[in-house]
Amino acid sequence: MADPPGCCAACTTCLLCPYSCQWITAKKEKRKGLRTTKCDCCWFLFLFCVFLATLGWLYFAIIILNDLHNFNEFIFKQRKLWFDWSLVLLIATAVLITYSSALLVLALCLQLCGQPLKLHWLHKILLILTALVVAAAFTGLGIKWAEEWRSAQISLQATGPFLHIGVVGGMTLLAWPLASFIYRTRNTGLKVFLLLVYCTVMIAVYLAPLGITSPCIMEENQLPPKPALVGHRGAPMLAPENTLMSLHKAVDCDVQVFETDVMVSADGVPFLMHDDKLTRTTNVQAMFPERAALNSTAFNWTDLQQLDAGSWFLERKPFPTVESLSDGDREQATKQRIPSLGQALEAAKQNNISIMFDLRPENHSDYQNFVNATLGVILQSGIPLQQVLWLPDGFREQVKQQAPGVQQVYGRKRLQNEKEPLLHVNLPYQDMSSEEIRQYRQDNISVNLYVVNKPWLFSVLWCSGVSSVTTNACQVLKEMKHPIWQLPSRTYLMMWIVVDCVSFLIILWAFLLLKKCSHRRRPAESETDVLLTKINSLMQE
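Predicted, not measured: the structure shown is a model, and the values here were computed from it.

Some words on the overall build of the protein chain
Right, on to step 1. For the protein chain, the count of helices and strands is 21 helices and nine strands.
Right, on to step 2. Here the C-alpha radius of gyration of the protein chain, 31 Å, is well above what a compact globule of 541 residues would show, namely 24 Å.
Right, on to step 3. Burial statistics for the protein chain: of 541 residues in total, 47% are counted as buried.
Right, on to step 4. When contacts within the protein chain are restricted to residue pairs at least 6 apart in sequence, those whose partners lie at least 24 apart make up 68%.
Right, on to step 5. Working note: accessible area of the protein chain is about 27,100 Å², and carbon and sulfur atoms make up 63% of it.
Right, on to step 6. Side-chain charges in the protein chain split into 48 positive and 44 negative, and the spacing between the mean points of these groups amounts to 13 Å.

Remarks on the pairing of strand β9 (residues 468–471)
Right, on to step 1. Covered by surrounding structure in β9 are Ser-468 and Thr-470 together with Val-469 and Thr-471, the residues of both alternating faces.
Right, on to step 2. Where strand β1 (residues 228–232) lies against β9, four bridges are found, and the strand directions are parallel. Counted as the bridge partner of Leu-229 is Val-469 from β9.
Right, on to step 3. Two elements, strand β8 (residues 446–450) and β9, share two bridges in a ladder whose sense is parallel. By the bridge assignment for β9, Leu-449 is matched with Val-469.
Right, on to step 4. In terms of handedness, the path from β8 via helix α19 (residues 455–464) over to β9 forms a crossover that is right-handed.

Focus: the packing of aromatic side chains
Right, on to step 1. Applying the stated criterion to the full structure yields 18 aromatic pairs.
Right, on to step 2. With centroids separated by 5.3 Å and ring planes inclined at 80 degrees, the aromatic side chains of Trp-57 and Phe-138 adopt a geometry described as edge-to-face. Placement of Trp-57 in helix α3 (residues 38–64) and of Phe-138 in helix α6 (residues 121–144) is noted, with a sequence separation of 81 residues between them.
Right, on to step 3. Plain terms: the ring middles of Phe-162 and Trp-485 are 5.2 Å apart, the flat faces sit at 85 degrees to each other, and that makes the pair edge-to-face. Placement of Phe-162 in helix α7 (residues 147–173) and of Trp-485 in the loop between α20 (474–477) and α21 (489–540) is noted, with a sequence separation of 323 residues between them.

Observations regarding the side chain of Asp-308
Right, on to step 1. Relative to the helices and strands, Asp-308 is located in the loop between α12 (301–305) and α13 (311–316).
Right, on to step 2. Among the polar contacts listed, one links the side chain of Asp-308 to the side chain of Ser-311, at a separation of 2.4 Å.
Right, on to step 3. Residues contacting Asp-308, with those up to four places away along its chain left out, are Thr-281, Thr-282, Asn-283, Thr-334, Gln-336 and Arg-337.

Section: the UniProt feature "domain: GP-PDE" (unreviewed entry) in the protein chain
Right, on to step 1. Following the UniProt record, the feature "domain: GP-PDE" (unreviewed entry) maps to residues 227–481 here.
Right, on to step 2. The span residues 227–481 is 34% helix and 16% strand, and its two end C-alpha atoms sit 11 Å from each other.

Procedures and definitions
In this convention, every chain numbers its residues from 1, walking through the sequence in written order. Where local features are concerned, this predicted model is filtered to residues with pLDDT of at least 70; where side-chain atom pairs are given and counted, the filter is 80 or more; whole-chain, interface and lining totals use all residues. Working from all heavy atoms in the structure, the side-chain values ignore hydrogens and water. Secondary structure elements follow DSSP: runs of H or I no shorter than four residues count as helices, runs of E no shorter than two count as strands, and numbering proceeds from the N terminus. C-alpha atoms define the radius of gyration in this analysis, and the globule rule sets the expected value at 2.2 Å times the number of residues to the power 0.38. Relative accessible area decides the class of each residue, using a 1.4 Å probe on protein chains only: under 20% of the type maximum gives buried, over 50% gives exposed, and in between gives partly exposed. The contact criterion used is simple: two residues touch if any of their non-hydrogen atoms lie within 4.5 Å. With residues, only the protein chains shown are counted as cover, and all accessible areas are computed by Shrake-Rupley using a 1.4 Å probe. None of His or the chain ends enter the tally, which takes Lys and Arg as positive and Asp and Glu as negative. Charged groups are reduced to one reference atom each: NZ for lysine, CZ for arginine, CG for aspartic acid, CD for glutamic acid. Pairs of strands are assigned from DSSP output, requiring at least two bridges between the strands. Handedness is read with the strands pointing away from the viewer; a crossover is right-handed when the path from the first strand over the helix to the second is clockwise. Pairing of aromatic side chains requires ring centres within 6.5 Å, counting the rings of Phe and Tyr and the six-membered ring of Trp. Pairs whose planes differ by under 30 degrees are stacked, by over 60 edge-to-face, and all others tilted. What qualifies as a polar contact is a pair of N or O atoms within 3.5 Å, subject to a donor-acceptor requirement within protein and to the restriction that residues adjacent in sequence count only when both atoms come from side chains. UniProt positions are given in the numbering used here, feature names are shortened, and annotations may be inferred rather than shown by experiment.

Here is the structure:
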């Protein structure tokens with residue numbers, strides 16, 4: 001079998017060496033009489049499947065980055081070890097996708113050059129390990145972090161139109177090695193099978209936009225207002241969470257609501273703290289080592305005021321943005337202490353922003369006293385009650401009676417037989433579809449979704465019409481003046497038609513060109529076969 005034009009011996013040797021791990025030239029390959037066997041084809045198919053799996057995991061890894069800080073916190077609670085696992089995730093994923101894609105490109109180039117696909121045993125082992133790692137990653141994701149599957153579904157609303165273009169491009173490029181193989185093989189059944197499979201896949205890909213829906217496919221004048229920003233524990237990428245510094249940084253990011261968590265000390269002082277224990281965000285292990293494992297509510301206010309609530313931020317670097325802090329911000333962070341709810345309310349009143357909070361822990365035996373203490377501080381603070389957003393469900397009726405001006409925010413969807421209409425809901429962004437968001441908006445129900453950090457996700461929710469989002473990255477979302485993309489339906493339809501037509505013409509050209517090249521090679525191959533037959537006959541005589 002002759003090499004196609006433009007595929008020199010040096011090129012084929014360079015392709016064979018990394019794929020087969022054998023330093024032999026194309027001519028030696030021919031003299032050895034090596035051919036691609038059925039087993040080699042099976043390994044190529046396995047390679048292609050592993051590549052698709054790693055590509056899928058790369059997509060998931062990018063989506064997971066929006067919520068990975070929650071995973072870092074979860075690991076810390078379990079292992080008492082803080083580490084930015086996004087680095088591990090991205091590096092491991094990059095290695096897997098680079099390896100599998102490099103092998104696939106080598107295999108396709110070898111096929112175009114008419115060389116045997118003799119995959120080395122070391123590559124076979126590494127491919128199996130890659131498949132096992134990706135399978136384990138998907139399995140673990142499904143078991144421990146199932147809500148990320150819903151995140152992936154939402155992400156398709158942002159990436160679907162562009163994924164379609166990418167898939168069309170990839171399948172179009174695949175036409176070249178496929179046509180080369182079809183014109184070389186003499187197995188008619190295999191030819192028909194491959195062509196049918198390829199044509200079926202291409203038709204499905206061409207028609208895929210019929211099933212793609214995105215809230216960002218709309219006219220410019222239909223775009224809803226930009227969602228308001230709610231600072232998740234303040235601005236935790238710029239300052240230690242749940243501190244006054246974090247609140248002021250959030251104000252600088254134009255947030256309208258400061259979201260926090262409230263606990264009540266042993267002597268009845270409400271203070272800002274998210275975790276049940278103080279170990280992650282304070283130096284309690286250094287100050288009170290014998291009491292470090294106790295619940296946050298077991299400490300009195302005097303002890304809590306002695307704790308450093310900022311140095312951990314500089315030491316553990318929970319976000320990459322910590323590296324870019326100014327010297328002044330670093331010094332200010334080291335001076336942070338645990339603020340009381342009264343201090344936070346005073347800061348919110350001065351800066352004219354609202355404050356929304358959970359009261360933890362809700363299963364505490366003294367929870368009613370926690371509610372009373374918290375309400376007392378709110379009423380004494382002098383903050384306008386409409387600036388206070390109450391999240392806890394416990395003793396909500398009591399709160400309505402004692403502080404009727406406080407805005408009640410519910411962590412659930414509305415019910416069919418709702419006695420009192422909901423005005424505000426606060427839910428994970430995975431729990432509401434674009435259709436539900438639009439319906440709530442039409443019914444004048446304010447919808448806040450959490451936690452939204454990435455611009456792609458913010459864009460989808462913006463186009464859907466969400467009222468506000470809780471975010472760690474207020475400094476990023478503040479700068480967005482428009483969704484990442486927004487297309488009129490007619491423009492998207494034109495893109496779809498043009499991409500599909502161009503792809504079809506390129507595929508048609510690839511098959512016609514390679515057919516012409518194969519016809520040119522056949523006379524030369526026939527003459528060579530006749531000459532070899534004559535030489536063989538003479539040698540036998």
